[in-house]
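Coordinate inspection notes
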Amino acid sequence: MKYLIGRIRAVPWWGWVLGFVYFGLQYGMYRLGAWLSRVLGTVAWAFEWKIDAVDDLFPVVPVFAAVYLFSYVFWICGPIAVSLTSRRNFINYIAGLSLAYVVGFLFFVCMPTYMDRVKEGLMAYTGAGGFFEGLLATIYAADGSELAFNLFPSYHCLISAYCYLGVRRRPEISRGFRIYSLVMALLICLSTLLTKQHYIVDSIGGVAIAVACYALMERLDPGGRRADRS
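Quick look at the structure, then. (Residues numbered from 1 in each chain as written. Predicted model: local features only at pLDDT ≥ 70, side-chain atom pairs only at ≥ 80, totals over all residues. Heavy atoms only, no water.)

Observations regarding the overall build of the protein chain
Within the protein chain, the secondary structure is distributed over 10 helices and two strands. If you list the helices and strands of the protein chain from N to C, you get α-α-α-α-α-β-α-β-α-α-α-α. The C-alpha radius of gyration computed for the protein chain amounts to 18 Å, which stays within 12% of the reference 17 Å derived for 230 residues, consistent with globular compactness. Each of the three principal axes of the protein chain carries a C-alpha extent, and together these read 55 × 40 × 30 Å. Looking at the protein chain residue by residue over its 230 residues, the buried ones come to 47%. (Helix = DSSP H or I, 4+ residues; strand = E, 2+ residues; numbered from the N terminus. Rg over C-alpha atoms; globule rule 2.2 N^0.38 Å. Buried < 20%, exposed > 50% of the residue type's maximum accessible area, 1.4 Å probe, protein only.)

Overview of a nonpolar patch on the surface
A cluster of nonpolar side chains, L32, W35, V39 and L40, forms an exposed patch at the surface whose accessible area comes to about 430 Å². Assignment of secondary structure puts V39 in helix α2 (residues 13-40). (Patch = residues over 30% accessible without salt bridge, like charges linked within 9 Å, V, L, I, M, F, W, Y side chains within 5 Å. Areas by Shrake-Rupley, 256 points an atom, 1.4 Å probe, with all protein chains shown as cover. Salt bridge = Lys/Arg side-chain N within 4 Å of Asp/Glu carboxyl O.)

Side note on the packing of helix α7 (residues 155-167) against helix α9 (residues 200-220)
Their axes nearest at 7 Å, the elements α7 and α9 cross at an angle of 40°. Here α7 and α9 pass one another in a crossing that is right-handed. Note on element contacts: α9 touches α7 through S203, G206, V207, I209, A210, V211, C213 and Y214, opposite C157, L158, A161, Y162, L165 and G166. Grouping the constituent residues of the contact of α7 with α9 by class yields 11 nonpolar, three polar and no charged. (Axes fitted to C-alpha atoms, helices over the stretch in contact; angles between N-to-C directions. Left-handed = near helix turned anticlockwise from the far one by under 90°. Contact = heavy atoms within 4.5 Å. Nonpolar A, V, L, I, M, F, W, Y, C, P; charged D, E, K, R; others polar.)

Examining the packing of helix α5 (residues 87-110) against α7
Orientation of α5 relative to α7, taken along the N-to-C sense of each, is 170°, at an axis distance of 11 Å. Taken as axis vectors, α5 and α7 run roughly antiparallel relative to one another. Between α5 and α7, the residues in contact are N89, N92, Y93, G96, L97, A100, Y101, G104, F105 and F108 and Y155, L158, I159, Y162, C163 and G166, respectively. By residue class, the composition of the contact of α5 with α7 is 11 nonpolar, five polar and no charged. (Parallel < 35°, antiparallel > 145°, perpendicular 65-115°, else oblique.)

A closer look at the pattern of salt bridges
Tallying each qualifying case throughout the model produces seven salt bridges. Each of K50, D52, D56 and E120 takes part in one network of salt bridges that share partners.

Points about the nonpolar core
By size, the foremost hydrophobic cluster in this structure holds 39 residues, and its most contacted members are Y93, Y101, Y155, L158, I159 and Y162. It is α5 that provides the largest number of residues to this core, a total of nine residues. The contact partners of Y155, leaving out residues within four places of it in the chain, are Q26, M29, Y30, W75, Y101, G104, F105, F108 and S160. Among the nonpolar cores identified, the runner-up in size contains 11 residues, and Y68, Y140, A148 and Y199 belong to it. (Core = buried A, V, L, I, M, F, W, Y, C linked by side-chain atoms within 4.5 Å.)

Concerning unusual backbone geometry
The linkage connecting F152 with the following residue, P153, adopts the cis geometry, with an omega of -5°. Mapped onto the fold, P153 is located in the loop between β2 (147-149) and α7. Phi at S145 is positive, roughly 55°, even though this residue is not glycine. With respect to the element layout, S145 can be found in the loop between α6 (131-142) and β2. One non-glycine residue, K196, lies in positive phi territory at about 60°. Using a relative accessible area of 11% as the deciding quantity, one classes K196 as buried.

A look at the environment of W49
For W49, the location among the structural elements is in the loop between α2 and α3 (52-55). Remark: the alpha-carbon pair of W49 and L158, spanning 109 residues in sequence, is separated by 17 Å. Those residues in contact with W49, other than ones at most four positions away along the chain, are M111, T113, F152, Y199 and V201.

Focus: α7
Under the 1.5 Å per step criterion, the end-to-end length of α7 is 19 Å for 13 residues, consistent within 8% with the ideal 18 Å. The positive-phi residue at the C-terminal boundary of α7 is R169, with phi of around 60°. (Expected span 1.5 Å × (residues − 1).)

With respect to the packing of aromatic side chains
The final tally for this structure, using the stated rule, is 16 aromatic pairs. Residues F47 and W49 carry aromatic rings whose centres are separated by 5.5 Å and whose planes lie at 55° to one another, so their mutual orientation is tilted. Taking the relative accessible area as the measure of exposure, F47 reaches 29% and is therefore partly exposed. For W49, a relative accessible area of 32% gives the class partly exposed. Ring geometry for F107 against F152: centres 5.0 Å apart, planes inclined by 85°, an arrangement best described as edge-to-face. Residue F107 is found in helix α5, and its partner F152 is found in the loop between β2 and α7; the two are separated by 45 residues along the sequence. On the basis of relative accessible area, F107 is assigned to the partly exposed category, the value being 25%. The exposure class assigned to F152 is buried, which follows from its relative accessible area of 9%. Connected via pairs of aromatic rings, a cluster forms that spans Y22, Y30, Y101, F108 and Y155. (Phe/Tyr/Trp six-rings, centres within 6.5 Å; stacked < 30°, edge-to-face > 60°.)

So, in structure tokens, the structure goes:
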């Protein structure tokens, strides 16, 4: 417990600030993307990117609604945890995360995708009893109800994968927390499929964008260049 309290106290103020700022930013860009697609009319060519042979293999497992919602806490903790690593790594992390947000946002606006929850038989959960069924119904109600948009890429998978990449192989972060981050990222990605919030292409696309943006910033190394000027 003393170790945990010590690590929390070691978090710099900008780690706390950016943890909450980037949480709000992802929500704002998600909603803005949906709004702009309607204003610009691109929503008219929205398509359903479903692979029946794969996506129909995933059942609805209501308990994963809790994992899906816990992702918001996980995302806030991402920049906070990475702020405990070197300043160079933190700058690269934030730069890559910002780019990943923008890439996802451009897909939302220019290449909108959707899911018809009525056709998928998901609206039955809106009247079902049970705690986790209620969580699932709340998620659906807050995200378009019968028609969900902004599926590709899955921001849930994109941001969760990026949270793990930021602490992966970082000696400043305990091995336990790194394992926890990997397990949570995997569970959140799985939750997008088992809550039927996304299709498999959306989830893979989110992870791929996260990995590509992280790798690009590792190569460009804006944090290293900033350190050289200091």
